[in-house]
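Listed below are the residues making up each chain.
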Amino acid sequence: MMIAAVFLSVFPAIGYAQQSAAIRFPAGASNTQISGRISGRDEMLYTIGAEAGQTLSIRMNSANTAAYFNVFAPGSGPGDQALAIGSMTDPLNEWSGRLSASGNYTIQVYLYRNAARRGESAAFDLDVSVKGRRLARVEGDFADGLAGGPDFLQVSVVGDDTLNLRARPSAGAKILTRLVDGQNVRNMGCRMSEGGRWCHVGTIDSRFKGWASGAYLIEGSAPENKSQAPLHSRGPERVHFAAGTSGATLHGTLAPGDSRRYALNIRNGQDLVVEVRHRGNPISYQIFNPDQSFLLDQVSSDLPYRGQVWQTGDHVIEVINRTNGTVNYTVVFGVD
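Below: a short report on this structure.

The rules behind these values
- Residues numbered from 1 in each chain as written.
- Predicted model: local features only at pLDDT ≥ 70, side-chain atom pairs only at ≥ 80, totals over all residues.
- Heavy atoms only, no water.
- Helix = DSSP H or I, 4+ residues; strand = E, 2+ residues; numbered from the N terminus.
- Buried < 20%, exposed > 50% of the residue type's maximum accessible area, 1.4 Å probe, protein only.
- Areas by Shrake-Rupley, 256 points an atom, 1.4 Å probe, with all protein chains shown as cover.
- Pairing = 2+ DSSP bridges.
- Lys, Arg positive; Asp, Glu negative; His and termini not counted.
- Salt bridge = Lys/Arg side-chain N within 4 Å of Asp/Glu carboxyl O.
- Contact = heavy atoms within 4.5 Å.
- Axes fitted to C-alpha atoms, helices over the stretch in contact; angles between N-to-C directions.
- Core = buried A, V, L, I, M, F, W, Y, C linked by side-chain atoms within 4.5 Å.

### What to know about the overall build of the protein chain
Within the protein chain one finds one helix and 26 strands. Within the protein chain, the proportion of its 336 residues that are buried is 47%. Put simply, the protein chain shows about 16400 Å² of open surface, and 47% of that area lies on carbon and sulfur atoms.

### Overview of the sheet that holds strand β22 (residues 284–288)
Overall, mixed pairing links the five strands, which are arranged β18-β20-β25-β22-β23 in an open sheet. Both outer strands of the open sheet, β18 (237–238) and β23 (294–300), are each paired with one neighbouring strand and no more. The pairing of β22 with strand β25 (residues 313–320) spans five bridges and is antiparallel. Residue pairing in the sheet places tyrosine 285 in a bridge with valine 319 of β25.

### Quick word on the side chain of arginine 166
Here arginine 166 lies in strand β12 (residues 162–166). No salt bridge forms around the buried arginine 166; measuring N to O, its nearest opposite-charge neighbour glutamate 194 is 7.7 Å away. Setting aside residues up to four positions removed in sequence, arginine 166 forms contacts with Ala171, Gly172, Ala173, Lys174, Ile175, Leu176, Trp198, Gly210 and Trp211.

### Some details on the sheet that holds strand β5 (residues 55–62)
Whether parallel or antiparallel, the strands of a sheet pair through hydrogen bonds between backbone atoms. The antiparallel open sheet is built from four strands, whose spatial order is β3-β10-β5-β8. In this open sheet, the two strands that pair with only one neighbour each are β3 (31–39) and β8 (94–98). Mean inter-strand twist for the sheet, computed between neighbouring axes without regard to direction, equals 15°. Of the strand pairs in this sheet, β5 and strand β10 (residues 121–131) are connected by eight bridges, and their pairing is antiparallel. Paired with asparagine 61 across the strands is aspartate 125, a residue of β10.

### Describing the pairing of strand β24 (residues 305–308)
The two faces of β24 differ: Tyr305 and Gly307 on one face are buried, but Arg306 and Gln308 on the other face are not. Sheet topology note: the strand β21 (residues 271–278)/β24 ladder contains four bridges and is antiparallel. Bridge pairing in β24 links aspartate 271 to glutamine 308.

### Side note on the nonpolar core
Tyr46, Ile48, Leu56, Ile107, Val109 and Leu126 are the most contacted members of the largest nonpolar core, which totals 31 residues. For this core, the secondary structure elements donating two or more residues are β2 (16–24), β3, β4 (43–50), β5, β6 (67–72), β9 (103–111), α1 (113–117) and β10. If you tally residues by element for this core, the top one is β10, at five residues. Those residues within four positions of valine 109 in sequence are excluded, and the remaining contacts are Ile38, Glu43, Met44, Tyr46, Met60, Tyr68, Phe69, Phe124 and Leu126. Of all hydrophobic cores here, the second largest spans 23 residues; its members include Ala248, Leu272, Val309 and Val331.

### Digging into the environment of phenylalanine 124
Tracing the chain through its elements places phenylalanine 124 in strand β10. Accessibility expressed as a relative area gives 2% for phenylalanine 124, which makes it buried. For the pair phenylalanine 124 and valine 109, spaced 15 residues apart in sequence, the C-alpha to C-alpha distance is 9.0 Å. Aside from chain neighbours lying at most four places away, what touches phenylalanine 124 is Ile34, Ser35, Gly36, Arg37, Ile38, Met44, Tyr46, Met60, Asn61, Ser62 and Val109.

### Let's talk about the pattern of salt bridges
According to the stated counting rule, one finds seven salt bridges in the structure shown. We note a salt bridge from arginine 238 to aspartate 314, for which the minimum N-O separation is 2.6 Å. Of the two residues, arginine 238 is situated in strand β18 and aspartate 314 in strand β25; the sequence distance between them amounts to 76 residues. Aspartate 314 gets classed as partly exposed once you look at its relative accessible area, which sits at 29%. Among the salt bridges present, the one from aspartate 336 reaches arginine 306, with a minimum N-O distance of 2.8 Å. Here aspartate 336, found in the segment after β26 (327–335), pairs with arginine 306, found in strand β24; they are 30 residues apart in sequence, far enough to count as distant. Judged by its relative accessible area of 46%, aspartate 336 falls in the partly exposed class.

### Remarks on the pairing of strand β14 (residues 184–193)
Taken across its ten residues, β14 has seven buried, putting it largely inside the fold. Pairing geometry for strand β11 (residues 152–155) and β14, over three bridges, is antiparallel. Following the sheet pairing, phenylalanine 152 is matched in β14 by arginine 186. Here β14 folds back onto strand β15 (residues 196–203) in antiparallel fashion, the turn holding two residues, of which glutamate 194 has a positive phi close to 55°.

If you want it as structure tokens, here you go:
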């Protein structure tokens, strides 16, 4: 049984504890099972993203017959009218419905009033699936923004973390590149997939287009000038070797958050050597194959690279400064 990743945060309330969790399906899956436990007047609130036209199915199993679930449409929750009430479904605690709106649905798991007053506990398993094709057009826009939304989005991650830009809206899809905190990207529309919001975005220079998790994107803005442009904003600098040599050494300077790319034409089977030298805190670099897949995923400049390439054409080495200060560096290239 595949278990989804669940991210918890606790919100204290008067007289009871209310926990909130986001359900995400494993990469490529449309269903999952999660387990939990509630006691007394405590309750669990699970959110799951789905789109109009899809079918949301929920089944809960618990040895305590006083444990039930309710389902709420996007924008509503406990205290509002429920879309489904587990204590009234047939069979009990099983429900399936075709959705008329896109957004985050809330599943509330709780103990019936008398059992809650007695301080009973209930362990439970919750089976959740979202199946069926999404409509061609997003229906029922909501606060997070699927249809429409801002022209630009901005990456919001912690510290030196990066956001994967993938070929499809799936955590298992091929990584095209990585986006950094504060980077602005063009918004080409968001959809729900694997239980969460994914946005189709493109880098400002149009070099990369793909899908990124909407959980790490906020409203952004177009760069006002070149100095504010995100990574990948500069075209690659062609690296030339002097006659009779098989290597080159280049020097550069990078402002905080900036990057520079270098292109070398290499044949399948040749060995590539890259070494990035610097002073102070390490910077990082990554290497792309001619088809824009990764030859080398992003690594620290403390680690030199030597390896055989398997494609013919321009290989791009991107040097990246994620520090808070301007960095002078030297990059050494070699091809054998």
